[in-house]
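Structure assessment
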Amino acid sequence: MLGFLGAGNMNGAIIRGVLDAGTYTADQIVFTSTDDASAQQLVSELGITRVPSNRKLVNALGEGGILVVGVKPNVIGEVLNEIWEVAAANHTVIVSIAAGTEISAIAEPLSAKQPIVRIMPNVAAQIGAGMSAICANEWVSSEQLSAVTDIFSAVGAVAQIAEKDFATFSAIASCSPAWTFTYIDALARAALAHGIPKTEAVRIAAQAVQGSAQLVLEKLSQAAPANLVDQVTSPGGTTIAGLLAMEEAGFSAAVVTGVDAAIARDNEIQAGA
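Just so you know, these numbers come straight off a predicted model, no measurement behind them. (Residues numbered from 1 in each chain as written. Predicted model: local features only at pLDDT ≥ 70, side-chain atom pairs only at ≥ 80, totals over all residues. Heavy atoms only, no water.)

What about the side chain of Thr32?
Counting through the fold element by element, Thr32 comes out in strand β2 (residues 29-32). Not counting residues within four places of it along the chain, the set of residues in contact with Thr32 comprises Phe4, Leu5, Gly6, Ala7, Val51, Ser53, Asn54 and Leu57. (Helix = DSSP H or I, 4+ residues; strand = E, 2+ residues; numbered from the N terminus. Contact = heavy atoms within 4.5 Å.)

Structural data, given as structure tokens:
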């Protein structure tokens, strides 16, 4: 059985993903929610079952069930404190998607030897094109880790990384969509200034970014992104002229500065700042 504590956008995306992929069926999924409207929407749309309390949710999962905890970092301790006894009795696998919350903090309100998996998904999970990082504590078996990986593979790609690297992953995978949206909008605004209507310019720029990213992924074993840059920059051409102008304006340096700032802020959040 698979349970979801909370019915926010990310949990909703994961539920739809595993149902579409056939990883789970509707009768294998239960959830709780404090939002009646979003809960009713999920029940009506997907046929899954809403459970009246978090403790009953964990009980409904049975022995060794998987519970995805989709609540804000500031309340996760309170929520886990509510279910720790029944989670211990059922050997529930606790899966946290709370940003900036280390496994040690997740484990604090739980019993010793509780299996815990930490996941950091990104917003593109909503369309099945997400990028998630995963790590686990020593009490998670390889079979349990594989099962959780399968859940998040239903909404995109999954990378198993060391927990010490989660802040960096968050910067380049979870923060970067906002930066990419800004880049696309900047391209569209520049095109607007030169006469292309904004909506059409956004569509053109977004498709170009999507195709470029896909090309990087398909050529990853053969060529680094820098090599692909060389393939599209002709001597004395428009691309190299624009690229040099962007670099002079601080393009690459700005990206690195943004990543550094996001990592620094993540570390501050983990420290309680």
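So that's the structure; there's more coming.
Considering the nonpolar core
In this structure, Leu2, Val95, Val117 and Val148 are the most contacted members of the largest nonpolar core, which totals 30 residues. The set of elements that each furnish at least two residues to this core consists of β1 (2-5), α1 (9-21), β2, α2 (36-46), β4 (66-69), β5 (93-96), β6 (116-120) and α6 (142-153). When sequence neighbours within four positions are dropped, the list of residues in contact with Val148 reads Ile66, Val93, Val95, Val117, Ile119 and Ile134. (Core = buried A, V, L, I, M, F, W, Y, C linked by side-chain atoms within 4.5 Å. Buried < 20%, exposed > 50% of the residue type's maximum accessible area, 1.4 Å probe, protein only.)

Side note on the pairing of strand β7 (residues 130-136)
Counting buried positions over the seven residues of β7 gives five, a clear majority of the element. Sheet topology places β6 next to β7; four bridges connect them, and they run antiparallel. Across the sheet, Val117 pairs through a bridge with Ala136, a residue of β7. (Pairing = 2+ DSSP bridges.)

Some points on the pattern of salt bridges
Per the stated rule, a full pass over the model turns up eight salt bridges. Ionic pairing is found between Asp165 and Lys164, a salt bridge with its closest N-O pair at 3.2 Å. Judged by its relative accessible area of 31%, Asp165 falls in the partly exposed class. Looking at Lys164, the relative accessible area reads 70%, which means it is exposed. One salt bridge in this structure joins Lys198 and Asp185, with 3.1 Å as the shortest N-O distance. One end of the pair, Lys198, is in helix α8 (residues 198-218); the other, Asp185, is in helix α7 (residues 166-193), with 13 residues separating them in the sequence. A residue is classified by how much of its surface remains accessible, and Asp185, at 28% relative accessible area, is partly exposed. (Salt bridge = Lys/Arg side-chain N within 4 Å of Asp/Glu carboxyl O.)

Overview of the layout of surface pockets
Space inside the second largest pocket adds up to approximately 500 Å³. Around the second largest pocket sit 16 residues that line it, and Met10, Val71, Lys72, Ile97 and Ala99 are the ones nearest its centre. No other element matches the three residues that α1 contributes to the lining of the second largest pocket. Partitioned by chemical class, the residues of the lining of the second largest pocket number nine nonpolar, six polar and one charged. (1 Å grid on protein atoms, 1.4 Å probe; cavity = no way out; pocket = protein on both sides within 12 Å on 5 of 7 lines; lining within 4 Å. Points joined across faces, edges and corners; volume = space filled by probe spheres on them. Nonpolar A, V, L, I, M, F, W, Y, C, P; charged D, E, K, R; others polar.)

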